[in-house]
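Next come the chains, spelled out residue by residue.
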Amino acid sequence: MGRRRKESPTAGEVEEERPPYFFGAASTSMVRILAVSLFALLVRVLVALGPYSGRRRPPMYGDYEAQRHWMEITIHTPPSEWYRNTSSNDLAYWGLDYPPLTAYQSYVHGRLFLQPFVPDSVALFLSRGFESSKSKLLMRWTVLSSDLLVFFPAALCFVFIYFGRRIRRGRGDGSVTHEWLLAMILLNPCLILIDHGHFQYNCISLGFMIGAVAAILSGRELLGSFLFCLSLNHKQMSAYYAPAFFAHLLGKCLRRHNPILSVMKLAIVVLATFVLMWWPYLYSLDAAREVLSRLAPFERGIYEDYVANFWCSTSTLIKWKMRFTVKSLKLFSLCATVISFLPSTVQQIKSPSNHGFLHALLNSSFSFYLFSYQVHEKSILLPLIPASLLALEEPTAFGWLTYHALFSMFPLLRRDGLTLQYGALLSLFGLIYRLPIEVHGRRRPRIPWKLQTVMALSSFSSALLHLVYLIVRPPRRYPFLFEALIMALCFAQFVILAIYSNIRQWTLRDASPGFPSEKKKI
Amino acid sequence: MADLAWFWCAAACVKVLLAPAYRSTDFEVHRHWLALTSSLPISQWYVDASSPWTLDYPPLFAYFEFLLSIPAAIVDPAIVDIRNLGYEAESVVLFQRLSVVFADLSLLVGAGLIARRLSGGKRRLVYALILWSPALIIVDHVHFQYNGLLLGVLLLSLALLTEGRDLEGGLAFAVLICSKHLFAVAAPVYFVYLLRHYCSGRGIWRDLGRFLKMGAVVGVVAAVSFGPFLYHGQMKQVFYRLFPFGRGLCHAYWAPNFWVFYIILDKFMAFFLRKLGYPVEIPSASFTGGLVGSSSPFAVLPQVTPAVSLVLVIVGMSPCLVRVWKKPEPRHVVRWVSYAYTCGFIFGWHVHEKASLHFVIPLAVIAADSLEDAGHYFLLATASCYSMFPLLFGPEEYPVKLLLLLIHSIIVLSSLSPFFSGKVSQEDVPTTTTAAVGPAGMWYLAGFAAVEVWGQLLHPLLLGDRLPFLPLMLVSTYCAFGMVYSWTWQLRRILAAG
């Protein structure tokens, strides 16, 4: 086809000597940004057509049922009973184990979406395991609306701030860099599959986190702290980012004329947000402690299922759960986590910078994922989101991480019946990751051939594992052999990526396309 | 080439995600045909009546179903069991859905060939408009049909004709007609064009030779497809199955064409005559009731027979045929064939709303030819896509169809304009698609939003369950304006060119 064209250039072709536009269009970026957002929404709606976790699987069902049950509990009992075992709230059946903002969100969703249209789906006691196509649709729409209200605006804000004000004027070069970055953030296959397939509300806490990052990058630190506190109060897992936020903000405050005042201001905002969120439980110390104990379920063990972190991956060699008590394991994991995130924290306190901050977010969440207590396979979303914010700086590492993050959740998603959606989203991500046109001059860095060989081998083995996992039945002696193999492979990649990202953070030289005003600020 | 594959794969991802979505009875129709072609001898294909969904596509399509039934039997033998009516296990859903996605490879070939001489940007736009056509996705991948496969063949045929490879183009068209006879509407245009372009101007003997060659090619295709049935002496039965004229002028849901106005005029006249005191009988067969029998559904205006509608189609097409006869130029073929399908859509007998794909998809190829084309295409594509909205009535698919149309509109509006800006020197000449659509056109497009809001929100609020057919009637009437406008626009365009 290409050969033929060169032989006989027609008149139309000569006229059209422009840079390689996506559609030959120099349309304003705003329109294309709108198109990307709508497409991201479409993909979410399409994934939402599929099954969810625990569908038709009594007695415990899955995360879908947990979220529905929380709506049922929150709209029928007073807030003081939400975290307490009472006659109407059996904590053994999906007791609420997320902070108060999740509870408020459940209340609002239950009241606005479920109760008015399908009251049976949230009737106290009677609605356990309630499944109907209408209630499924309403539940799906609660996630969609949360995503639209929190994650989308946050991602848009981040992209706008990342590129400064240039985006508002149409750029003449015709590249689609902004749109690509936005697509990488919005079309994250892991987040879409977990939220709109498996069924969770990670978009809310992660959206608040991105919003906080955007606010801090644009110099609105108080707003940023507020948003991060919201994120923390929606899912305690957001604490994975806390060291990075703390270090970056502290580092910035230390460079001010009056560091103590700056720190005090931030502390007041944080405290006020927490008081606001925890108000129903602050009437006594016991009540607050009751909630806290629900949030930290140490009795559930150091890891769950097959998660590609240190404790689970090395458990084939050292039986952590059997050999050590919970108390000593707690201590081990605490020390390991702190030691692993310390270098990146120190770097941010020493010389806070915008790119360093994004790397610090990635590094601290990685160290929590790899070493902290009670980690789920879904927690890989936490390192993945800062990595997607860094997609333009570290395209190769980001692509590699996304692929393996998704792969590490393959057993989970397959159990949910989402194999088809998994394949489609993985391909779609790959296609957009490698657009057929030049996205950005810097985007295709030369990868040394040695690394390329290693990557090719790894990709080949993971592709093989995909097939084996789908087709072959595991040997009877080791029913979870393939899960363990997937986990080990992903763990190896995550460790390499974490080390790489830590090194990058320490060797950063700020000379990237984003953040035009950075030098002035610091 | 990389572009084309990229667009196709990206579209395929979206199509695969639609697998769990709503599917119409057409899904069972095609499943039954898999079973039918797999388990019955060829002599029984057009005779069998074990399901109400008898085979009503021409034999080449039946062969296609037969080929599909071979892997289907491997995936799950229950799919091809003829007694298994209404079988919808996960295996059959996945198999059939994926079969449509992969059948769209023909669309890849067709789009690739027809757009290969265009410049980079335009070529990508054509790929996007064809491969991501929201109407096609709605009909094929939600409602369930194999239009992508057939439209790919049509595009292939048009591409071959445009490149001057008439014999191969004719062959592709013959294959198309023998796969779905609804495509035969363009046969007059093809006939006149091939006669004048392929078989004339080279001296009588060579012309005759070429005529015979073309005839032989078409004959072979017809023989391959209809031969076995001719051998079994079933031609009458096959044609009876292919052309069920008992079905009436309009489909249960009116396609947005000329007859919508005819029906409405009849209703109005009946209403006013009754007011004036004339005794007007209310016809027993009504259009809104869904069941359309053979008795006249009109109260005042004369009954329309298939012959009348056929004559109207031919008359509508005739100016174009004259133009083709006078000056058979390859570069106008796409326009002429699209126009022929438009005529068939506007005046045809028992037309489905899906038939508007037959001209919307080929017109995408010339949408970037000029600013007027761009404006017209935008209007037409929107009207055509919107007219298919009622096919997807469930709340699950509601955001899907809306988002598909919105994204399509954004792509068209933002990407068509730049081809013309910068080339026009006079200031008062419109340079954006919006300007080409014109204020009237933009108001018409905005009206779609009003129709949608009425149908989805205001009608249930204000009227409740009364007049349940009104929103549907409104959709087809409103779209019919756009369709008829498109028909007149295309006619004017053809007459103005050359």
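Residues numbered from 1 in each chain as written. Chains lettered and ligands numbered in written order. Predicted model: local features only at pLDDT ≥ 70, side-chain atom pairs only at ≥ 80, totals over all residues. Heavy atoms only, no water.

### Here's the deal with the overall build of chain A
Right, so step 1: Tallying secondary structure elements over chain A gives 24 helices and zero strands in all.
Right, so step 2: Considering only intrachain contacts with a sequence separation of at least 6, the fraction spanning at least 24 residues in chain A is 79%.
Right, so step 3: Surface accessibility of chain A: about 22700 Å² in total, with carbon and sulfur atoms responsible for 67%. (Helix = DSSP H or I, 4+ residues; strand = E, 2+ residues; numbered from the N terminus. Contact = heavy atoms within 4.5 Å. Areas by Shrake-Rupley, 256 points an atom, 1.4 Å probe, with all protein chains shown as cover.)

### Concerning the overall build of chain B
Right, so step 1: A count of helical and extended segments in chain B gives 20 helices and zero strands.
Right, so step 2: For 498 residues, the compact-globule estimate of 2.2 N^0.38 gives 23 Å, and chain B sits close to it at 23 Å.
Right, so step 3: Buried residues in chain B amount to 56% of all 498 residues.
Right, so step 4: Across chain B, the fraction of contacts at a sequence separation of at least 24, relative to all contacts at a separation of at least 6, is 75%.
Right, so step 5: Per element, the accessible surface of chain B, about 20200 Å² overall, is 70% carbon and sulfur.
Right, so step 6: Distance between charge centroids for chain B: 9 Å, based on 34 positive and 29 negative side chains. (Rg over C-alpha atoms; globule rule 2.2 N^0.38 Å. Buried < 20%, exposed > 50% of the residue type's maximum accessible area, 1.4 Å probe, protein only. Lys, Arg positive; Asp, Glu negative; His and termini not counted. Charge placed at Lys NZ, Arg CZ, Asp CG, Glu CD.)

### Quick word on the nonpolar core
Right, so step 1: Ranked by size, the top nonpolar core spans 301 residues in total, and within it F158, V213 and F245 of chain A carry the most contacts.
Right, so step 2: A per-element tally of this core places helix α6 (residues 133–163) of chain A first, with 14 residues.
Right, so step 3: With sequence-adjacent residues up to four places away left out, F245 of chain A is seen in contact with M209, A212, V213, I216, F228, F357 and L361 of chain A.
Right, so step 4: Membership of the second largest hydrophobic core comes to 13 residues, among which are C250, W254, W259 and L301 of chain B. (Core = buried A, V, L, I, M, F, W, Y, C linked by side-chain atoms within 4.5 Å.)

### Some details on helix α11 (residues 242–254) of chain A
All names here are of chain A.
Right, so step 1: Compared with an ideal rise of 1.5 Å per residue, which puts 13 residues at 18 Å, α11 spans 18 Å between its outermost C-alpha atoms and is within 8% of the ideal.
Right, so step 2: Within α11, burial applies to P243, A244, F245, A247, H248, L249, G251, K252 and C253.
Right, so step 3: In this structure, the buried side of α11 is in contact with α9 (202–217), α10 (221–234), α12 (259–278), α16 (326–350) and α17 (354–371). (Expected span 1.5 Å × (residues − 1).)

### Quick word on the pattern of salt bridges
Right, so step 1: In total, this model carries 23 salt bridges over all chains according to the counting rule given.
Right, so step 2: Put simply, E221 of chain A and K252 of chain A hold a salt bridge, and the shortest N to O gap is 3.4 Å. Of this pair, E221 of chain A sits in helix α10 while K252 of chain A is found in helix α11, placing the two residues 31 residues apart along the sequence.
Right, so step 3: Residue E221 of chain A is classed as buried on the basis of its relative accessible area, which comes to 10%.
Right, so step 4: K252 of chain A gets classed as buried once you look at its relative accessible area, which sits at 12%.
Right, so step 5: Two residues, R117 of chain B and E163 of chain B, come together in a salt bridge whose shortest N-O distance is 4.0 Å. Placement of R117 of chain B in the loop between α5 (105–114) and α6 (120–131) and of E163 of chain B in the loop between α8 (147–162) and α9 (166–177) is noted, with a sequence separation of 46 residues between them.
Right, so step 6: Taking relative accessible area as the criterion, E163 of chain B reaches 24% and is therefore assigned partly exposed.
Right, so step 7: In the salt-bridge network here, residues are joined through shared partners; they are R116, R117, E163, R165 and E168 of chain B. (Salt bridge = Lys/Arg side-chain N within 4 Å of Asp/Glu carboxyl O.)

### A look at the UniProt feature "signal peptide" (unreviewed entry) in chain B
Right, so step 1: According to UniProt, the feature "signal peptide" (unreviewed entry) maps to residues 1–21 of chain B in the numbering used here.
Right, so step 2: Secondary structure within residues 1–21 of chain B divides into 76% helix and 0% strand; the distance between the first and last C-alpha atoms comes to 31 Å. (UniProt positions renumbered as here; feature names shortened; annotations may be inferred.)

### With respect to the environment of A368 of chain B
Right, so step 1: Structurally, A368 of chain B can be placed in the loop between α16 (357–365) and α17 (371–387).
Right, so step 2: On a C-alpha basis, the gap between A368 of chain B and Q237 of chain B in space is 45 Å, while along the polypeptide they are 131 residues apart.

### A short note on the packing of aromatic side chains
Each aromatic ring pair is specified by the distance between its two centres and by the angle formed by the two planes.
Residues and elements named next belong to chain B.
Right, so step 1: Inspection of the entire model under this criterion finds 64 aromatic pairs over all chains.
Right, so step 2: Ring geometry for F271 and F272: centres 5.5 Å apart, planes at 80°, overall edge-to-face.
Right, so step 3: Among the residues examined, F271 registers a relative accessible area of 42% and is labelled partly exposed.
Right, so step 4: What links up through ring pairs into an aromatic cluster is the set F27, W33, Y57, F61, F64, F144 and Y146.
Right, so step 5: A cation over a ring is seen here: R23 above F27, with NZ or CZ 5.0 Å from the ring centre. (Phe/Tyr/Trp six-rings, centres within 6.5 Å; stacked < 30°, edge-to-face > 60°. Lys NZ or Arg CZ within 6 Å of the ring centre and 35° of its normal.)

### Here's the deal with helix α8 (residues 189–199) of chain A
Residue and element names in this part refer to chain A.
Right, so step 1: Most of α8 is tucked away: 11 of the 11 residues are buried.
Right, so step 2: Residues P189, C190, L191, I192, L193, I194, D195, H196, G197, H198 and F199 constitute the buried set of α8.
Right, so step 3: Put simply, N188 is the residue that caps the front of α8, since its side-chain oxygen is 3.2 Å from the backbone nitrogen of C190. (Polar contact = N/O pair within 3.5 Å; in protein donor to acceptor, adjacent residues only side chain to side chain.)

### Remarks on the packing of helix α3 (residues 29–48) of chain A against α6 of chain A
Packed helix pairs are characterised by how far apart their axes lie and by the angle those axes make with each other.
Residues and elements named next belong to chain A.
Right, so step 1: Where α3 meets α6, the closest approach of the two axes is 11 Å, and the angle between their N-to-C directions is 150°. Taken together, the axis directions place α3 and α6 in an arrangement best described as roughly antiparallel. In terms of crossing hand, the pair formed by α3 and α6 is right-handed. Counting all contacts with α3, which are made through M30, I33, S37, A40, L41, R44, V45, V47 and A48, the residues of α6 involved are K136, R140, L144, D147, L148, F151, F152, L156 and F160. (Axes fitted to C-alpha atoms, helices over the stretch in contact; angles between N-to-C directions. Parallel < 35°, antiparallel > 145°, perpendicular 65-115°, else oblique. Left-handed = near helix turned anticlockwise from the far one by under 90°.)

### Thoughts on the confidence of the model for chain B
The predicted coordinates should not be examined in detail at positions where pLDDT is low.
Residue and element names in this part refer to chain B.
Right, so step 1: Averaged over all residues, the pLDDT of chain B equals 89, while 92% of them reach at least 70.
Right, so step 2: Residue range residues 288–294 is modelled with pLDDT below 50. Its contacts to residues more than four positions away, or to other chains, number nine contacts.
Right, so step 3: A low-confidence stretch, residues 423–427 stays under pLDDT 50, and its non-local contacts, those more than four residues away or across chains, total four contacts. (pLDDT = per-residue confidence, 0-100.)

### Examining unusual backbone geometry
Residues and elements named next belong to chain A.
Right, so step 1: In the segment running from P58 into P59, the intervening peptide bond is cis, with an omega of 5°.
Right, so step 2: Examined against the element boundaries, P59 turns out to sit in the loop between α3 and α4 (63–76).
Right, so step 3: The phi dihedral of Y61 is positive, around 55°, even though this residue is not glycine.
Right, so step 4: The residue Y61 is located in the loop between α3 and α4 in this model.
Right, so step 5: Of note in the backbone geometry, Q374 takes a positive phi value of approximately 60° without being a glycine.
Right, so step 6: Here Q374 lies in the loop between α17 and α18 (381–389).

### Digging into the confidence of the model for chain A
All names here are of chain A.
Right, so step 1: Counting all residues, the mean pLDDT for chain A is 87, and 88% of those residues have values of 70 or more.
Right, so step 2: Mean pLDDT in chain A bottoms out at helix α1 (residues 2–7), which sits at 35, and peaks at α8, which reaches 97.
Right, so step 3: Residue range residues 167–172 is modelled with pLDDT below 50. Its contacts to residues more than four positions away, or to other chains, number 13 contacts.

### Some details on the side chain of H358 of chain B
Right, so step 1: Position of H358 of chain B relative to the elements: it lies in helix α16.
Right, so step 2: Apart from the residues within four sequence positions on either side, H358 of chain B is in contact with L151, L154, L182, F183 and Y341 of chain B.

### Notes on the packing of helix α2 (residues 25–39) of chain B against helix α4 (residues 90–103) of chain B
Residue and element names in this part refer to chain B.
Right, so step 1: Contact geometry of α2 with α4 gives a least axis separation of 11 Å together with a crossing angle of 95°. With respect to each other, α2 and α4 are oriented roughly perpendicular. For the pair formed by α2 and α4, the contact residues are F27, H30, R31 and L34 on the first element and V92, V93, F95 and Q96 on the second.
Right, so step 2: A breakdown of the residues in the contact of α2 with α4 according to their chemical character gives five nonpolar, two polar and one charged. (Nonpolar A, V, L, I, M, F, W, Y, C, P; charged D, E, K, R; others polar.)

### Regarding the side chain of E65 of chain A
Residue and element names in this part refer to chain A.
Right, so step 1: Assignment of secondary structure puts E65 in helix α4.
Right, so step 2: Within polar-contact distance, the side chain of E65 engages the side chain of Y93 at 2.7 Å.
Right, so step 3: Engagement of the side chain of E65 in a polar contact is seen with the backbone nitrogen of G129, the distance being 2.9 Å.
Right, so step 4: Ignoring anything within four residues of it in the chain, the contact list for E65 reads M60, Y93, W94, R128, G129 and F130.

### Things to note about the environment of N89 of chain A
Residues and elements named next belong to chain A.
Right, so step 1: Tracing the chain through its elements places N89 in the loop between α4 and α5 (100–117).
Right, so step 2: Since its relative accessible area comes to 1%, N89 is described here as buried.
Right, so step 3: Along the chain, N89 and H69 lie 20 residues apart, while their C-alpha atoms are 9.9 Å from each other.
Right, so step 4: In this structure the side chain of N89 is engaged in a polar contact, spanning 3.0 Å, whose partner is the backbone oxygen of E81.

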